[in-house]
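# Results of the structural survey
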Amino acid sequence: MKLKAPETITFTTSGFCPGCGHGIAARLIAEIVEEMGLREDFIPTVDVACGALNMDAWRFDTVMAAHGRPIVTAIGVKKVRKDKLSAAYIGDGAAYAIGMAETMHAALRNDNVTVIVMNNGVFGMTGGQMAPTTLLGQKTTSSPGGRSAKKQGMPFDVAKVLGQLPIAYLARGSLDSPAAVEKTKKYIKKGFEKQMNGEGFSLIEVLAPCPTNWGLSPVESLKHIREKTRAYYEVGEFVDRKGEQA
């Protein structure tokens, strides 16, 4: 594990809630970009949500898209700057609710872009409402009695939906321990490498804590991921193939 922060990330006086997973993911991305020698060639696109605070930390030229539209925006960036590394950084609510059409059709087209989805099971910035990924029985501000399969349907599992498509790469990591963080870093790096090789669409989902909206301490949030979230959402690599040159 690196003890020195990457030069492409800074630390501000304001930012994410204590224990939030976004800060960890932001640092991993900065480390990977530096390791790949792409500091001047990385163009991330963020959503109008918690992840947008990465713009205050990253020293990269960053695009902010409309809510739910970072994936299609990142595709546009890649189309006009084919030599650059274009990535969409988006939450589970935006990727699988308002932006589900963009997520699905980008995968169907096998667009040569990398998507990083932060799965914390809620709409974080707007108050902790139920998201497509909210677990059964999980209480949120819009499901105070807990999510019901009969009333709200089953939690969305991207591995089951996109796992059969001829995309380049699909993986899910977690941030609940140092070992899990290191594996997640490897998954994200592989997604970036596949894009630079022109192999097609990559999506890496990251199981992340949201202590504020879960009503838990940062330590309890990590335990929640290990004992509950990972029991439903399997971690690992689900698709790893070479696609046609994009």
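The structure under discussion appears in the preceding block.
### Observations regarding the pattern of salt bridges
The tally for this structure, following the rule as stated, stands at 17 salt bridges. Salt-bridge contacts for E205 lead to R172; the nearest nitrogen and oxygen are separated by 2.5 Å. Remark: R172 occurs in strand β7 (residues 169-174) and E205 occurs in strand β8 (residues 202-207); sequence separation between them is 33 residues. Residue class for E205 comes out buried when judged on its relative accessible area of 0%. Of the residues examined, R172 reaches a relative accessible area of 1% and is grouped as buried. In this structure, R226 engages D176 in a salt bridge whose closest nitrogen and oxygen atoms are separated by 3.9 Å. Of this pair, R226 sits in helix α9 (residues 218-232) while D176 sits in the loop between β7 and α7 (178-196), placing them 50 residues apart in sequence. Here the salt bridges share partners, and the residues they tie into one network are R27, E31, E35, K185 and K189.

### Let's talk about the pairing of strand β1 (residues 42-46)
Across a regular strand the side chains alternate sides, sitting on one face of the sheet and then on the other. Of all five residues in β1, five are buried, a share of seventy percent or more. In β1, alternate side chains face the same way, and those of F42, P44 and V46 on one face and I43 and T45 on the other are all buried. Two strands pair when backbone bridges link them, and β1 and strand β3 (residues 85-91) are joined in this way by five bridges, in the parallel orientation. Note on β3: the bridge partner recorded for I43 is S86.

### Quick notes on a nonpolar patch on the surface
A cluster of nonpolar side chains, V48, M55 and M64, forms an exposed patch at the surface whose accessible area comes to about 240 Å². Here M55 is to be found in the loop between β1 and β2 (63-64).

### Points about the packing of aromatic side chains
Any pair of aromatic rings gets described here by the distance separating the centres and the angle formed by the planes. Considering all chains together, one arrives at seven aromatic pairs under this definition. Each ring, one from F42 and one from F192, has its centre 5.7 Å from the other, and the planes form 50°; the classification is tilted. A residue pair is termed long-range when its members are at least 10 positions apart, and F42 in strand β1 and F192 in helix α7 qualify at 150 residues. Each member of the pair F42 and F192 is classed as buried. Ring geometry for Y96 and F156: centres 4.6 Å apart, planes at 45°, overall tilted.

### Comments concerning the environment of P166
Tracing the backbone shows P166 in the loop between α6 (158-162) and β7. Apart from residues lying up to four places away in sequence, P166 is in contact with N110 and R241.

### Points about the nonpolar core
In this structure, I29, F42, W58, Y89 and F192 are the most contacted members of the largest nonpolar core, which totals 30 residues. For this core, the secondary structure elements donating two or more residues are α1 (22-35), β1, β3, β4 (114-119), β7, α7 and β8. Broken down by element, this core gets its largest block of residues, seven residues, from α1. Those residues in contact with W58, other than ones at most four positions away along the chain, are T8, A26, I29, A30, P44, V46 and Y89.

Conventions adopted
Residues numbered from 1 in each chain as written. Predicted model: local features only at pLDDT ≥ 70, side-chain atom pairs only at ≥ 80, totals over all residues. Heavy atoms only, no water. Salt bridge = Lys/Arg side-chain N within 4 Å of Asp/Glu carboxyl O. Helix = DSSP H or I, 4+ residues; strand = E, 2+ residues; numbered from the N terminus. Buried < 20%, exposed > 50% of the residue type's maximum accessible area, 1.4 Å probe, protein only. Pairing = 2+ DSSP bridges. Patch = residues over 30% accessible without salt bridge, like charges linked within 9 Å, V, L, I, M, F, W, Y side chains within 5 Å. Areas by Shrake-Rupley, 256 points an atom, 1.4 Å probe, with all protein chains shown as cover. Phe/Tyr/Trp six-rings, centres within 6.5 Å; stacked < 30°, edge-to-face > 60°. Contact = heavy atoms within 4.5 Å. Core = buried A, V, L, I, M, F, W, Y, C linked by side-chain atoms within 4.5 Å.

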